Amino acid sequence: MAKVNENYNKLPGSYLFSTIAKKLAAYQEAHPEKNMIKMGIGDVTRPLVTAVVEAMHKAVDEMGTAEGFRGYGPEQGYDFLRNKIVEKDYAGLGIEADEIFVSDGAKSDCGNIGDIFDLDNKVAVCDPVYPVYVDTNAMAGRAGEYIGGHWSNLYYMPCLAENGFMPELPKEKVDIIYLCFPNNPTGVAATREQLKPWIEYAKQNGSVILYDSAYEAFITNPEVPHSIYELEGAKEVAIEFRSFSKTAGFTGTRCAYTVVPKSLVINGTALNALWNRRQCTKFNGVPYIIQRGAEAVYSDEGMKQTRENIKYYLENAKIIRDGLTAAGLTVYGGENAPYIWAKTPDGMGSWEFFDKLLEEANVVTTPGEGFGPSGEGYIRLTAFSTKENTIEAMERIKKVLG
């Protein structure tokens, strides 16, 4: 008889954002006349910029000719994109093109990276945390049992207002450390000085840092590094994940990349070679048309146009910060990230406050509890709506809380 992976049955409920989508769908079905404003799931609203669209049109035309047609591409990504990533994102950092692996999303890579690690590794996660880090380790059987809101074999690093939402170094030896800066969900960004001890910890303990840098384009503080490889020694201990989703609006287009330095070696085994083997076996690469669009992000016009979109979303973030503050809430984030982390009023539970804003303000947020035990008592809002809807949402929330 066939057997299922019983680790899936240990997972509590459904995936966070699926639960939110179901709640929203049920409410809309019951109240079709309501105009809902979605600020929960981090999906962009601005269209692809002109430079990207033109490059993709050109690539489509190429694919329609015998001379320009391309079938299977390299699983690691086309050289034209990998070389451009090295030139524009990692200039002076010593990263080489064969350390870049183009993929269909940072979410996919953050989950799939566990394929190259043994199940016996002790994993540390921030709390609250992007659910993919936790859920994929639970699916693999690396997280243990789910007891009282915690996984028994994960090491939780609470990120609280008291510590500035910055994780503290583990007090025991851990093998794999997930870090995300600028952070999802709290919107807090780590400076170079705050990251240095993590590099030292990883070196001393033989640990690997999985560094999610999907929101680096939103950084405004010069003290905050755009890449962990700006820190000395990081190439020996860290894998970095980047995405075009929020940088260039590719949430529906799907393109990202992961950096695995060749100098990252565990017990004599180069992780670059392992990840390459994994990708060649389980992945057929990102479509040529999409990669040409991603390449155009690095053109002069592409960079100018995408930066305008980033500016637009950061302005939305300020509107949210100011609006929630005026409504009497305590807020964090939104200055180097597209996420705002807000404390619920009067000790209200995060799902309770989610329901209140859904039903009374018709604004969709994300309850903090869905990101982990330490997220209870907070909600997350995204800055990816339109400016008009962002302003309207804040007016609605102020009215409800007034």
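Structure: above.
Quick notes on the rules
- Residues numbered from 1 in each chain as written.
- Predicted model: local features only at pLDDT ≥ 70, side-chain atom pairs only at ≥ 80, totals over all residues.
- Heavy atoms only, no water.
- Pairing = 2+ DSSP bridges.
- Helix = DSSP H or I, 4+ residues; strand = E, 2+ residues; numbered from the N terminus.
- Phe/Tyr/Trp six-rings, centres within 6.5 Å; stacked < 30°, edge-to-face > 60°.
- Buried < 20%, exposed > 50% of the residue type's maximum accessible area, 1.4 Å probe, protein only.
- Lys NZ or Arg CZ within 6 Å of the ring centre and 35° of its normal.
- Axes fitted to C-alpha atoms, helices over the stretch in contact; angles between N-to-C directions.

1. A look at the sheet that holds strand 14 (residues 339–343)
Hydrogen bonds along the backbone pair up the strands of a sheet, which may run parallel or antiparallel. The strand order across the open sheet formed by 4 strands is 13-14-17-16, and the pairing between neighbours is antiparallel. Only two strands of the sheet have a single neighbouring strand rather than two, namely strand 13 (331–333) and strand 16 (366–367). With 3 bridges joining them, strand 13 and strand 14 adopt antiparallel strand pairing. Across the sheet, residue Gly333 finds its bridge partner in strand 14, namely Ile340.

2. Some thoughts on the packing of aromatic side chains
As enumerated under the stated definition, the model contains 22 aromatic pairs in all. Ring geometry for Phe80 versus Tyr288: centroids 5.9 Å apart, planes at 90°, classification edge-to-face. Pair noted here: Phe80 is in helix 3 (residues 79–89) and Tyr288 is in helix 9 (residues 288–296), with a separation of 208 residues, a long-range link. Exposure class is identical for Phe80 and Tyr288. Each is buried. Between the aromatic rings of Phe244 and Phe250, the centroid separation amounts to 5.8 Å while the plane-to-plane angle is 40°, which identifies the pairing as tilted. The exposure class assigned to Phe250 is buried, which follows from its relative accessible area of 0%. In this structure an aromatic cluster arises from ring pairing among Phe17, Phe165, Tyr332, Trp341, Phe371 and Tyr378. Stacked on the ring of Tyr312, the Lys or Arg Arg46 has its end atom at 4.0 Å from the ring centre. Over the ring of Phe80 we find Arg292; its NZ or CZ atom is 3.6 Å from the centre of that ring.

3. Structural notes on the pairing of strand 17 (residues 378–382)
Side-chain positions along a regular strand alternate between the two faces of the sheet. Across the 5 residues of strand 17, 5 count as buried, placing the element largely inside the fold. Taking every second residue as pointing to the same face, both faces of strand 17 are buried, with Tyr378, Arg380 and Thr382 on one and Ile379 and Leu381 on the other. As paired strands, strand 14 and strand 17 are joined by 5 bridges and run antiparallel to one another. Looking across to strand 17, one finds that Trp341 is bridged to Arg380.

4. Observations concerning the sheet that holds strand 8 (residues 208–212)
Across the sheet, which stays open at both edges, the 7 strands sit in the order 2-10-9-8-7-3-6 with mixed pairing between neighbours. Among the strands making up the open sheet, the edge pair consists of strand 2 (100–103) and strand 6 (154–158). With direction set aside, neighbouring strand axes in the sheet form an average angle of 20°. Summarising the sheet, strand 9 (residues 238–243) and strand 10 (residues 256–259) pair through 4 bridges and their orientation is antiparallel. When the sheet's bridge partners are listed, Glu240 is paired in strand 10 with Val259.

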